[in-house]
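Here is what each chain is made of, one letter per residue.
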Amino acid sequence: MRQLLFTTAVMTFALQVAASAARADCVDYSEARAKQAGAALARNPPAAAKLGLPTLDGLVLDANKTSGDPKCDGPTPKRYFYTTTRSMAEVIGALYPNIRRRTEEDGMGRVWFRNPLGSDRLFLTSGTELHIQRNSDQSIWQIMVDPPETLTPLTPEQQPYSVSDIVEGSPWPGGAKGNRQFVRADGATAGDAAAASPAAAAPAQTAQKSGACKPAGAGGASADGTQAGSAAGAEVGGQAIGGGYGRSVGSAAGALLGGLMGGRKKQEPSQQQPAADPNCP
């Protein structure tokens, strides 16, 4: 038992020393080391292909911020920071052919397109993630490029959102001046390709329609008369003859009488039923 406690204490002490050393490295941030690493990175900046980007035209690497202090941030940058004087439309236009589509599945299992720029983040078909951060006047103040551990080749992408849709952050393809309809991404037929809301008003409309429709056989006067006559005949037959046999005989006789009476009612003009609703099954 003492041996176990001693071993545990030694391991705990070693972990604390290691953690303290790691914290000391980060606390002991060296601006000189960061500038030296930044200067080295600026002399040998990464190519667009290494980052999974189609181009770096118009982007200026912030080498010091990207490299940081190698002791604290590691010898190899994990994220790359860029500045640019280009507009959002110019940047998105350059990336557009390779911007990965974004989709979302609703509660009914249908898949809808979504604007690929979620907040300030979008993905390319290479797997690279970009955070495009803008000022209040919509100018770009920073682009963070976060390539995955394993890049995939850039491939062209097809989606319903245009460059202007992405820049504006429009939830609907076509923007606010368009049809304001979401687009299906699951290969739906043309009639189901778009809906004003992914929550799908169609099931609600079906429910309302079916609620307004009367069950088959419930709307005719003859059916009502037959059912009423059958019930009354069964009651009388049960009392007069007794038992289940009496109720059966009374039910049959009552149904016949009720049908005759219902037929008469149906012929009366005041009892004519409205025309059938073509929307009802």
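Residues numbered from 1 in each chain as written. Predicted model: local features only at pLDDT ≥ 70, side-chain atom pairs only at ≥ 80, totals over all residues. Heavy atoms only, no water.

1. Digging into unusual backbone geometry
Logical step 1: Despite not being glycine, serine 119 has its phi angle at roughly 60°, a positive value.
Logical step 2: The topology assignment puts serine 119 in the loop between β4 (111-114) and β5 (121-123).
Logical step 3: Look at serine 119 and you get exposed, because its relative accessible area is 68%.
Logical step 4: Even without being glycine, glutamine 138 reaches a positive phi, approximately 75°.
Logical step 5: Note that glutamine 138 resides in the loop between β6 (129-134) and β7 (140-146).
Logical step 6: Residue class for glutamine 138 comes out partly exposed when judged on its relative accessible area of 44%. (Helix = DSSP H or I, 4+ residues; strand = E, 2+ residues; numbered from the N terminus. Buried < 20%, exposed > 50% of the residue type's maximum accessible area, 1.4 Å probe, protein only.)

2. Considerations on the side chain of arginine 114
Logical step 1: In this fold, arginine 114 is placed in strand β4.
Logical step 2: Reaching out from arginine 114, the side chain makes a polar contact with the side chain of glutamate 104 at a distance of 3.2 Å. (Polar contact = N/O pair within 3.5 Å; in protein donor to acceptor, adjacent residues only side chain to side chain.)

3. Focus: empty space enclosed by the protein
Logical step 1: Within the structure shown, the criterion is met by one cavity of 30 Å³ or more.
Logical step 2: Considered as a void within the structure, the largest cavity measures approximately 90 Å³ in volume.
Logical step 3: Around the largest cavity, the lining residues are Leu53, Thr55, Leu56, Asp57, Leu59, Arg86, Val91, Ala94, Leu95, Leu130 and Ile143. (1 Å grid on protein atoms, 1.4 Å probe; cavity = no way out; pocket = protein on both sides within 12 Å on 5 of 7 lines; lining within 4 Å. Points joined across faces, edges and corners; volume = space filled by probe spheres on them.)

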